[in-house]
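Below are the chains, spelled out letter by letter.
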Amino acid sequence: MISKSFLSYISIGIIVVLSVFFPPSVNGEEDEPDLPLGLEDQTKPSEPKLPLGLSTEEKTGPQAPSEKTLPGTVSDFGGFWEVRTSIRTQNDPYEKNISMGETRFQLETQKSIKNFLLSLTNDFLYDPVFDHHTVRLEEGDGFIDLREVNVIFALFNVVDIKLGRQILTWGTGDMLFVNDLFPKDWKSFFIGRDVEYLKAPSDALKISVFTDIADVDLVYTPRFDSDRFIEGERISYWNSILGRRAGSDDKFEVMKPDDWFEDSEAALRISKNIRGYELSAYGYYGFWKSPGGFDPDSGKGTFPDLSVYGMSIRGNLFRGIGNLEVGYYESRDDPDGNNPYIRNSEFRNLLGYEQEIVADFILGVQYYVEYMLDYNTYLDHLPEKAIKADEYRQVITMRLTQFLMNQNLKISLFAFYSPSDQDAYLRPFIHYKINDNWAAEAGGNIFLEAEDDTFFGQFEKNNNVYTGLRYSF
Amino acid sequence: MHQIKWVHCISLNICFTLVLLFLPVSPYAKQPSVEEIVQKTNHMAYYQGKDGRAKVSMVITDSQGRKRHRLFLILRMDEGKTEKDNSPDHQETGEQRLYVYFLRPADVNKMVFMVWKHAKRDDDRWLYLPALDLVKRIAGKDKRTSFAGSDFYYEDVSGRNIDDDIHELEKVTNTYYVLKNTPKHPDTVEFSYFTMWIHKSTFLPIKIIFYDKRGKELRIYETLKVERIQGFPTVSASRMRNVKDGGETLMTYTKVEYNLSLPASIFTERYLRKAPRKYLK
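Remember, predicted model here, so these are calculated numbers, not experimental data.

A. Main features of the overall build of chain B. Check the secondary structure of chain B and you find four helices and 13 strands. In chain B, which comprises 281 residues, the proportion classed as buried is 43%. If you take every contact in chain B between residues at least 6 apart in sequence, the share linking residues at least 24 apart comes to 46%.

And the structure:
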């Protein structure tokens, strides 16, 4: 009997000891998470089932979301509807007080047929402030703004072809362009349209070849696509013939090269990504994109021949991103710089750096310089009373971006300042995502000047504030 | 005597059974080292298969109950890996490429975010904005910022470098290894340490709690659902709760596929500008 109770005690003792060292259930600990769906049944047969009452089967812990919580399938159509108003903050004798009061409906769709991908992005817009609504697709005027209609396909897996109306961008600058000679829409930029409208479409053929040595992009535009430059509508400018600002009363007339295939443009980029550093070489053969010349007989602006050769590098630097871009602008119609009516050749150099200073706060700075070649020749041939350009035009930019409220609120300021011109251009901006579809934004375009005829200073009477409300779908 | 024998037998049986019962999960039996646990967990969370694809849905709820949605496709490729390197013991180089194609909300439709993740230097990150045809570099050294406006941080999605923390095995339970991870450079992060509950048999992290400097909970991650896909235990639903601001994000993975043999060229500028539709279905 003694041995019997002795053994019993031992047994109990062992059980107690075992229980202390090997607690029977993990779920006995309050802070331990329950196993998620999909893991409960994976206990090996050799393992004990958790004791009743502590089994995960009875858990009331977090449940996985059902399929119902997932957003529906994404449709083939997308786009937005928006209203946008821009108001001058001062009077301009040559322009309306409202620079924009438009409603815009963008419809975008893609369709793939075998190996071809067709894309269409079209904007319908109406602006009661401006009384002409005739569609001019090339200028982006009227109630239709055709942004993109193109086809993309691949050849032999190493060549991509994109043919049709398309938006094109390359280079490393932020709102400053050296080797990106694709058309810009400065008017949209200055009156406060969404920044995507800074890029005007090109009607072009883009051939991209991807090899181990480097990637090559060639863009051929059969008929010159100029910038949508400031010519007096909506935005007044300095008219050097009149010696004053001018606007819709005296629109700047131009003679644009517009013969198909004869007045064509070609742009080339050879690029290579080496361990995250993007190296590119560029070439361009075409015309000054905004009037770079003047015809004294007709008094019209011209687009003299231009070639550009350049390079860029971009990659991680210190705690941010650094970029360097250089370009040589060869003004082919004025190779020696002795024609005062055509821009001289010049160098354009850009140095940039961007860093996230603290979480959700980003600072970007750039230094840009245009250096006019043959400056003395230019001075020698400059007509009397003509306004003299500087040999160096320098621009410093700064971009401050702060995201708040789970990145639903974005506040930013982009500032251009030119120490050589003594002028500045400020773009304050605030954007709030109300929900998944609605967004509201407001901003301003503020030009500060010391003199009336400088690059940014000439636009001083166009200072404006704008607001926009957009529904995206 | 009979009785004695009987009791004896029972006692021994109980003992034996108990020993058998608990031996396989005993913390002292075949216990992997801390390094092994960390390495395997890292593998299971971010490196299964040589590449992969998933459609990810996020439901972000703020403290006032307002909901926002994100929908995107992720393509992932581990550099220098073959399909044979599927074992959790495989030594990852940490060199990984990610391609994130946004579908929703509508204002970011067709936007692409691309990362070249590096183990020994800063990641390279790009953003493609289709309306401008703009390939942008992202200055994002700070990995402790919200990913796409959610309660998940960039580092939660792409993985935190295991060498950035000191790992201690806090305890071992029947089901979990509990690790305490303390950052080597506390000034670079918002937390003072985080604990991970790692499922013993799969090495999947089931719960992660980030604590602030005063030891209060900051954010809590939970795995809600696990599915076996092509043999890989895969987290198909998870949640991140931001204890501090009261928001939470539910993340759901669908259309998960491993070992698609993604070409490396997908993760280049070519496919930023031209989405690889074949792999984004």
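B. Molecular detail of the overall build of chain A. In terms of regular secondary structure, chain A is built from three helices and 23 strands. Expressed as a percentage of the 473 residues in chain A, the buried residues total 33%. Taking all contacts inside chain A whose residues are at least 6 apart in sequence as the whole, residues at least 24 apart take part in 55%.

C. Main features of the sheet that holds strand 10 (residues 254-255) of chain A. Residues and elements named next belong to chain A. Read from one edge of the open sheet, three strands run 10-14-13, paired in mixed fashion. The outermost strands of the open sheet, each flanked by one partner alone, are strand 10 and strand 13 (293-295). Here strand 13 runs beside strand 14 (residues 300-302); their pairing, made up of three bridges, is antiparallel. The residue bridging Asp-295 from the neighbouring strand is Lys-300, located in strand 14.

D. Summary view of the environment of Val-243 of chain B. Residue and element names in this part refer to chain B. With respect to the element layout, Val-243 can be found in the loop between strand 12 (232-242) and strand 13 (248-258). By the C-beta count within 10 Å, which is 16 here, Val-243 ends up partly exposed. Separated by 156 residues in the primary sequence, Val-243 and Ser-87 have C-alpha atoms spaced 35 Å apart. Each residue touching Val-243, except ones within four places of it in the same chain, is listed here: Glu-217, Leu-218, Arg-219 and Ile-220.

E. Broad picture of the pairing of strand 17 (residues 346-358) of chain A. Residues and elements named next belong to chain A. Bridge analysis of strand 16 (residues 320-331) against strand 17 gives nine bridges, and the strand direction is antiparallel. Bridge assignment links Ile-321 to a residue of strand 17, and that residue is Glu-354. As paired strands, strand 17 and strand 18 (residues 361-372) are joined by twelve bridges and run antiparallel to one another. Of the residues in strand 18, the one forming a bridge with Asn-349 is Val-369. Taking the residues that link successive antiparallel strands as the turn, the strand 17-strand 18 hairpin has two residues, and the phi of Asp-360 there is positive, at about 65 degrees.

F. Seen up close, the confidence of the model for chain B. Residue and element names in this part refer to chain B. Chain-level statistics for chain B give a pLDDT mean of 86 and a share of 88% at 70 or above. Per-element averaging of pLDDT across chain B places helix 1 (residues 2-22) at the bottom with 49 and helix 4 (residues 269-273) at the top with 96. Low pLDDT, under 50, characterises residues 15-28; the stretch is placed with 15 contacts to residues that sit more than four places away or in other chains. Both confidence scores are given for the complex: pTM 0.86, ipTM 0.85.

G. Structural detail: the environment of Ala-139 of chain B. Residue and element names in this part refer to chain B. Locating Ala-139 in the fold gives a position in the loop between strand 6 (134-137) and helix 3 (154-158). Ala-139 gets classed as buried once you count the C-beta atoms within 10 Å, which come to 22. On a C-alpha basis, the gap between Ala-139 and Trp-126 in space is 8.9 Å, while along the polypeptide they are 13 residues apart.

H. Representation of the pairing of strand 8 (residues 176-183) of chain B within the structure. All names here are of chain B. Relative to strand 8, strand 7 (residues 165-172) runs antiparallel, the two sharing seven bridges. For His-167, the partnering residue across the bridge sits in strand 8 and is Asn-181. Remark: three residues form the turn of the hairpin made by strand 7 and strand 8, two consecutive strands paired antiparallel. Bridging between strand 8 and strand 9 (residues 193-199) involves six bridges; their strand directions are antiparallel.

I. The arrangement of the nonpolar core in detail. Residues and elements named next belong to chain B. Judged by nonpolar contacts, the single largest core of 32 residues is most densely connected at Leu-179 and Ile-198. Secondary structure elements with two or more residues in this core: helix 2 (34-46), strand 1 (51-61), strand 8, strand 9, strand 10 (205-211), strand 11 (217-229), strand 12 and strand 13. The residues touching Ile-198, leaving out its near neighbours within four places in the chain, are Ile-37, Thr-41, Tyr-176, Tyr-177, Leu-179, Phe-203 and Pro-205.

J. Just the environment of Ser-345 of chain A, in detail. All names here are of chain A. Residue placement: Ser-345 occurs in the loop between strand 16 and strand 17. Note on Ser-345: 20 C-beta atoms within 10 Å, which makes it buried. For the pair formed by Ser-345 and Leu-146, sequence separation is 199 residues and the distance between their alpha carbons is 34 Å. Apart from the residues lying within four places of it in its own chain, the contact partners of Ser-345 are Tyr-329, Glu-330, Ser-331, Gly-337, Leu-373 and Asp-374.

K. Seen up close, helix 2 of chain B. All names here are of chain B. With 13 residues, helix 2 ought to run about 18 Å at 1.5 Å a step, and its terminal C-alpha atoms sit 18 Å apart, in line with that. All of the buried residues along helix 2 are Ile-37, Val-38, Gln-39, Lys-40, Thr-41, His-43 and Met-44. Contact partners of the buried residues in helix 2: strand 7, strand 8, strand 9 and strand 10.

L. Looking closely at unusual backbone geometry. Here the amide bond leading from Arg-104 of chain B into Pro-105 of chain B is cis, since omega sits at 0 degrees, within 30 degrees of zero. The topology assignment puts Pro-105 of chain B in the loop between strand 3 (96-104) and strand 4 (112-117). Despite not being glycine, Met-405 of chain A shows a phi value in the positive range, around 50 degrees. Mapped onto the elements of the fold, Met-405 of chain A is located in the loop between strand 19 (392-404) and strand 20 (409-418).

M. Fine view of the confidence of the model for chain A. Averaged over all residues, the pLDDT of chain A equals 86, while 86% of them reach at least 70. Scored below 50 in pLDDT, residues 16-28 of chain A makes 20 contacts in the model with residues more than four places away or belonging to other chains.

Thresholds, definitions, all that
Residues numbered from 1 in each chain as written. Chains lettered and ligands numbered in written order. Predicted model: local features only at pLDDT ≥ 70, side-chain atom pairs only at ≥ 80, totals over all residues. Helix = DSSP H or I, 4+ residues; strand = E, 2+ residues; numbered from the N terminus. Buried ≥ 20, exposed ≤ 12 C-beta atoms within 10 Å, placed from the backbone. Contact = placed C-beta atoms within 7 Å. Pairing = 2+ DSSP bridges. pLDDT = per-residue confidence, 0-100. Core = buried A, V, L, I, M, F, W, Y, C linked by C-beta atoms within 7 Å. Expected span 1.5 Å × (residues − 1).

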